[in-house]
Every structure is written in C-alpha cells, then in structure tokens.
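Survey of secondary and tertiary structure
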Amino acid sequence: MSHLLEVKGLEASYGPTKVLHGLDFSLDKGGVTTILGANGAGKTTTLRAISGMVTRKGSIALDGAELTNLQTSDITRKGIAHVPEGRGTFVRMSAEDNLRLGSYSRSDKAGIAEDMERVYNYFPILKQRRNQQAGTLSGGEAQMLAVGRALMLQPKLLLLDEPSFGLAPLIVQELFEILKKINVQEGVSMLLVEQNASLALDLADHAYLLETGNIVISGTSESILENETVRRSYLGY
Ligand code: ATP
C-alpha cells in the first residue's frame, strides 16, 4: 500500500509549551490507523496539528503535497476532514443543514444531494431526524451527524477524535461497524484517537503508541495487541 499521509519531525506547541517532540509516521491509503496513549500524551494535539489548528513545525504531506504551511480551511479542501472531540455540530441548526454545511466548499449541487443520500444510507437515523435541531439529538445521533458532516467533504482522510466518548456500548458498537463500512466501501482512510484501545485496535490495521509527545511503539494492530506494555497499560490483561 502506498502512503496517503507522510509526517516527519512533527512538533506542536501551545504557547511556550511543546507537546509533540518530533513525530515521524505515515498513513496507508485506504487504511485505518489508531493513536494510543494516556491522557495528555498528545493524541488530540496530533490530530489538531495535521489539520492546522495548532502551531506546528516539521513536514506533513498528503499525497506528496506539503500541507504544513496551509491554513485549516485549505487543508480541509485538500481532503482532510476533522471530527473533533465534542463533535462541533451547530446545535441550533437542523441535522440536514449541518450536513449541508459540510459541503460548503463544493458547488456541485447534484453531487451534494447524492452524497447526502449516501450519508443517510450509512446513518438511516439521521434521515429520520433531518429536520430536528442538532442540539436535541442523542449523543449517538450527534456523533453520527458529525461523521456524516465530515463525509460531505468527500475526504481522503478522516481524523476521528474519541468518537465513542460518552456513548452507550451498543451505540459505540453500531458506530464502529458503520465506520468500518465507510472505510471499506468509500476507501476513506482514517486516523483514530480512541480511549477504548481494544475497540480502536479492532477497527485499525496499524497503531502508534504516544507517550508524552513521542512515538514509543508502532506496528500492525496484531503486533500491537501482542505488545506487553500495550496489554498491561491499555488493554488490561
Ligand atoms: P486526552 O486523552 O486527555 O485528551 P491527549 O493525548 O489527547 O489526551 P492532548 O489533548 O493532545 O492529549 O494534550 C497534550 C498536552 O498538551 C497535555 O499536557 C495538555 O495539558 C496540553 N494542552 C492541550 N491543549 C492545550 C491548550 N489549549 N493549551 C495549553 N496546553 C494544552
């Protein structure tokens, strides 16, 4: 598999505080990669650095094109859709208007309508809720809306930050099954940050373990599942 995203020497800071200390990693085209790590390790910051939401240094290339000097809106246009922690949907707007907003950078009306149907196919509940204010959706529905909105960008890469956060186990299971389907059927690559390591490793084919802003272990999900440190600290067996 060829690489979709190539990250080299990535550093990120909040003011004077550096939290990523030179990460090197790559993402396969069509693959799902997860970043594991304790609270505060820098997982969210890694996603924010890729989408240009935090001060960063180093090199980030998508399909060989450098992104490091671009702003978030341009990075989005190049095909990286970020589903942030906390979802970031517009609570007073209807579910459907939120989806429509996801396609703001596109002008092909027919294509947008088609993609909306495609999102409704993945998330039938959103079709039922299309006219409902986003703020009144359940946690699971709101997360589905956030993913659906990201899909409206026709992304090459989906950055998913804690998609299971605050959701009931059955809803999480449903959501992850749909993410798998989206990955396989649409060929969208994913970079996933997820507290639930076994869930993350189940969906992902590759994983990186982050400790205080450094990658300490990397490999296929199978090899990571067998790693003693990962098992003890993140899988609990
Ligand atoms: P969690 O699972 O708790 O979200 P994380 O691995 O995603 O953890 P980050 O949120 O990336 O970790 O945070 C990495 C470090 O950066 C932490 O020490 C955190 O306190 C710090 N940090 C995060 N956001 C900010 C901010 N806006 N300003 C200053 N420091 C921040």
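Residues numbered from 1 in each chain as written. Predicted model: local features only at pLDDT ≥ 70, side-chain atom pairs only at ≥ 80, totals over all residues. Heavy atoms only, no water.

**Overview of the domain arrangement of the protein chain**
- In terms of domains, the protein chain is made up of domain 1 (3-79 + 156-235) and domain 2 (89-154).
- Residue-level contacts link 18 residues of domain 1 with 14 residues of domain 2.
- Summed over both sides, the interface between domain 1 and domain 2 buries roughly 1,300 Å², with carbon and sulfur atoms accounting for 72% of that surface.
- Three residues, I178, I182 and E186, lead the burial of domain 1 against domain 2; their summed loss comes to 29% of the area buried on that side.
- Counting across the domain 1 and domain 2 interface gives one salt bridge.
- For the pair domain 1 and domain 2, the number of links is four residue pairs in polar contact (both at pLDDT 80 or more).
- Top contributing element to the side of domain 1 that touches domain 2 by residue count: helix α7 (residues 169-186), with nine residues. (Domains from an automatic or database assignment. Contact = heavy atoms within 4.5 Å. Buried area = accessible area lost by both parts, 1.4 Å probe. Salt bridge = Lys/Arg side-chain N within 4 Å of Asp/Glu carboxyl O. Polar contact = N/O pair within 3.5 Å; in protein donor to acceptor, adjacent residues only side chain to side chain. Helix = DSSP H or I, 4+ residues; strand = E, 2+ residues; numbered from the N terminus.)

**Digging into the side chain of S221**
- Locating S221 in the fold gives a position in helix α9 (residues 221-225).
- In contact with S221, other than residues within four places in its own chain, are L201, A204, D205 and H206.

**Comments concerning the environment of Y120**
- By the secondary structure assignment, Y120 is in helix α4 (residues 109-122).
- Classification of Y120 as buried rests on a relative accessible area of 4%.
- Sequence spacing of Y120 and L145 is 25 residues, and the spatial spacing of their C-alpha atoms is 9.8 Å.
- When neighbours within four sequence positions are excluded, Y120 is seen to be in contact with E96, L99, L126, K127 and R130. (Buried < 20%, exposed > 50% of the residue type's maximum accessible area, 1.4 Å probe, protein only.)

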